[in-house]
Structure formats: C-alpha cells, structure tokens
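# Architecture and fold: a report
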Amino acid sequence: MIRNRSIHAFTLMEMLVVISIIVLLISIVQPSLRTARESARDVQCRSQLHQIGIAFISLSDDNRGRLPGLWGPPWTGPEAIQGSFMGKEVFKPYYLPSPVSTKRGTLVPYIGGEESAREVYRCPSLQVGNFRSGSGSNGMFDYTMMQSLPGALVAKLPQTATYVEPGSNKVITTPIPILIEEDPAFGINKDFVDMGHTSINRFGSTHFGNGGNYMTAGGAAIRLMFPQTPGPEGWAWYARRKTSEVSMGIANNYGGWD
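Residues numbered from 1 in each chain as written. Predicted model: local features only at pLDDT ≥ 70, side-chain atom pairs only at ≥ 80, totals over all residues. Heavy atoms only, no water.

All right, on to the nonpolar core then. Counting 50 residues, the largest nonpolar core has Ile52, Phe56, Phe85, Tyr121 and Leu149 as the members making the most contacts within it. Of all the secondary structure elements, the ones that give two or more residues to this core are α1 (12–61), α2 (108–111), α3 (114–120), β1 (143–146), β2 (160–164), β4 (177–181), β6 (211–216) and β8 (237–241). If you tally residues by element for this core, the top one is α1, at 6 residues. Excluding anything up to four places from it in sequence, Ile52 contacts Leu107, Ile111, Val120, Tyr121, Tyr143, Leu179 and Met215. (Core = buried A, V, L, I, M, F, W, Y, C linked by side-chain atoms within 4.5 Å. Buried < 20%, exposed > 50% of the residue type's maximum accessible area, 1.4 Å probe, protein only. Helix = DSSP H or I, 4+ residues; strand = E, 2+ residues; numbered from the N terminus. Contact = heavy atoms within 4.5 Å.)

For the rest of this paragraph, the subject is the pairing of β8. Bridge analysis of β2 against β8 gives 2 bridges, and the strand direction is antiparallel. Looking at the pairing, Tyr163 lines up with Trp237 of β8. Following β8, the chain reverses through 2 residues before pairing antiparallel with strand β9 (residues 244–247); Lys242 in that reversal takes a positive phi of roughly 60°. (Pairing = 2+ DSSP bridges.)

What follows covers unusual backbone geometry. Of the consecutive residues Pro73 and Pro74, the connecting peptide bond is found in the cis state with omega at 10°. Within the secondary structure, Pro74 sits in the loop between α1 and α2. Its identity is not glycine, yet Arg64 carries a phi of approximately 55°, on the positive side. Summarising the element assignment, Arg64 is placed in the loop between α1 and α2. Judged by its relative accessible area of 58%, Arg64 is exposed.

The topology assignment puts Gln48 in helix α1. The residues contacting Gln48, other than those within four sequence positions of it, are Glu119, Val120, Arg122, Cys123, Pro124 and Tyr143.

Under the defined criterion, the tally for this structure stands at 1 cavity of 30 Å³ or more. Lining the largest cavity we find Cys123, Leu126, Asp142, Glu181, Glu182, Gly204, Thr206 and His207. Tallied by class, the residues present in the lining of the largest cavity amount to 2 nonpolar, 3 polar and 3 charged. (1 Å grid on protein atoms, 1.4 Å probe; cavity = no way out; pocket = protein on both sides within 12 Å on 5 of 7 lines; lining within 4 Å. Points joined across faces, edges and corners; volume = space filled by probe spheres on them. Nonpolar A, V, L, I, M, F, W, Y, C, P; charged D, E, K, R; others polar.)

A separate point is the packing of aromatic side chains. Under the criterion given, the structure shown has 11 aromatic pairs. Among the aromatic residues, those joined into a ring-pair cluster are Trp71, Phe91, Tyr94, Tyr95, Phe131 and Phe141. Here the guanidinium or amino end of Arg202 rests over the ring plane of Phe186, the centre of that ring lying 3.8 Å away. (Phe/Tyr/Trp six-rings, centres within 6.5 Å; stacked < 30°, edge-to-face > 60°. Lys NZ or Arg CZ within 6 Å of the ring centre and 35° of its normal.)

What follows deals with the layout of surface pockets. When its volume is computed, the largest pocket comes out at roughly 370 Å³. Looking at the largest pocket, it is lined by 19 residues, and the ones nearest its centre are Ala80, Gly83, Ser84, Val100 and Lys103. Residues that form the lining of the largest pocket fall into these classes: 8 nonpolar, 8 polar and 3 charged.

Applying the stated rule across the entire model yields 9 salt bridges. As a salt-bridge pair, Asp42 and Arg46 come within 2.7 Å of each other at their nearest N and O atoms. Here Arg46 and Asp42 lie together in helix α1, a separation of 4 residues that amounts to about one turn. Overall, the relative accessible area of 2% leaves Asp42 in the buried class. Salt-bridge contacts for Asp183 lead to Arg202; the nearest nitrogen and oxygen are separated by 2.7 Å. Here Asp183 is found in the loop between β4 and α4 (184–188), whereas its partner Arg202 is found in the loop between β5 (196–197) and β6, with 19 residues between them in sequence. Residue classification places Asp183 among the buried residues on the basis of a relative accessible area of 8%. (Salt bridge = Lys/Arg side-chain N within 4 Å of Asp/Glu carboxyl O.)

Here you go:
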C-alpha cells in the first residue's frame, strides 16, 4: 500500500528568521572572541618577556651580577659578555644603527639561539607596520631596555620604582622595570628605532584595555593598565639610586647606576 508523504520545507520567511538569529549570535560572540584572542596574545607577550628575564638573570650570573650592555660605547663594557644584549640576530639590513649591529647579542646563548631570540623579541599583539611609520612593529623587536641600567649591578638595584601617571599626576609604585614594551608611535617604529628606553620614549599601551607589559629585575613579567591615558614616558619613571630618587629616563654609561 502506497502512502502519500507530505514534505515540509522551510519557507522564505523562516529561512530569513534563522539567518537573522545566526547573524545576531555571531555579532554577540565576535567581541568575546576578539578579546579572548587578544588576551591570549597578551599572555604570550608576558611569557616571552619572562623568557627574556630568565636569560637576563643567567647572563648576570655569568657576569659578576651585572645586567647586559646596550647599543655600544658608552653603554657596553670592555668584556665580550658586557656587549649589547641585542645585535645582528634581529637587525634588518635596512637598519644598522651602530657597530653593535654587526655583532650577535650577548643574550642569544641564554635564549636558545638566534632564531629563538628573533621570536621572543616580537610581541604577537603587534602586526608589522611600515618601517618608521609610527604604527605596528618595526619587524625587529618590540621590547626595549631602560637606558639608565646597562651594566647595573642587580644586587644594588632598588626593588621598586615610581612613575607619574599622565593626566591624573598620580604617583604609582611598581616593581622596578628593566625591559618594557614600547609605544610604536614614540620609539620602536617612529623616526628613531630605539632598543633603549630614554626620556623621549613612552611605555606601550597596545593591548586590549590599553595596557602594556614589562620585565622586572627579578625576571618577572608584569602588566600595567592605562585605561584612559597613555603610558608614562621615560622621564616619568623614578627609582632610588644611592641616596636620591633619579629619573630612569636619563641614560647612564655602562655600570653608571652603581
């Protein structure tokens, strides 16, 4: 016996309703997905900073307790291990700022080789921008060292530093910064490309929530938040050197912090 079967198909109106619901759900979920992705990149940036921090500590242990050098004379010492922590492993042929660019960075053996160094010096939150455009990464490195600290004895560094929060002028106390993420518009990809943070640079705030990351003298990676203002410039960071508070934005010769 043959039975008639009625087949129900979606009407055009029903299809439009289903599509509208899907579009609505996507619009609700997308911001959360973007935040989750950026949060993961932020965590990776801090993980890389921590890797660099461990390398800094290891190099310091092999260098009588001193931090590595930076750029070249007068911010490097006479011994090979007292040279610049960053060198030819990251610099591109179109940007060779000083003789140090032809030498391998002193941190390379402590960080797993040149390829590993190139990877950890690049924060995944920053896409490569046009060179010296003031936006995005310069394609070589996204972290920069406080230029007052090359060759500093770790044992003599203070535990904390302060900065004046732009806008509110509130004084914030944090563990002392050694290596920081820098604002592409002020240093790492502007008219100058700076691997040393001085008084003309600004702490980066390129992550979600307008925050940035930095590495402490103990090798820890910390995030600072600037929800309404940009990060502090180099001159705004202060730390105790001997008997007085001095700006960390003032460059010192190798070992000059002592």
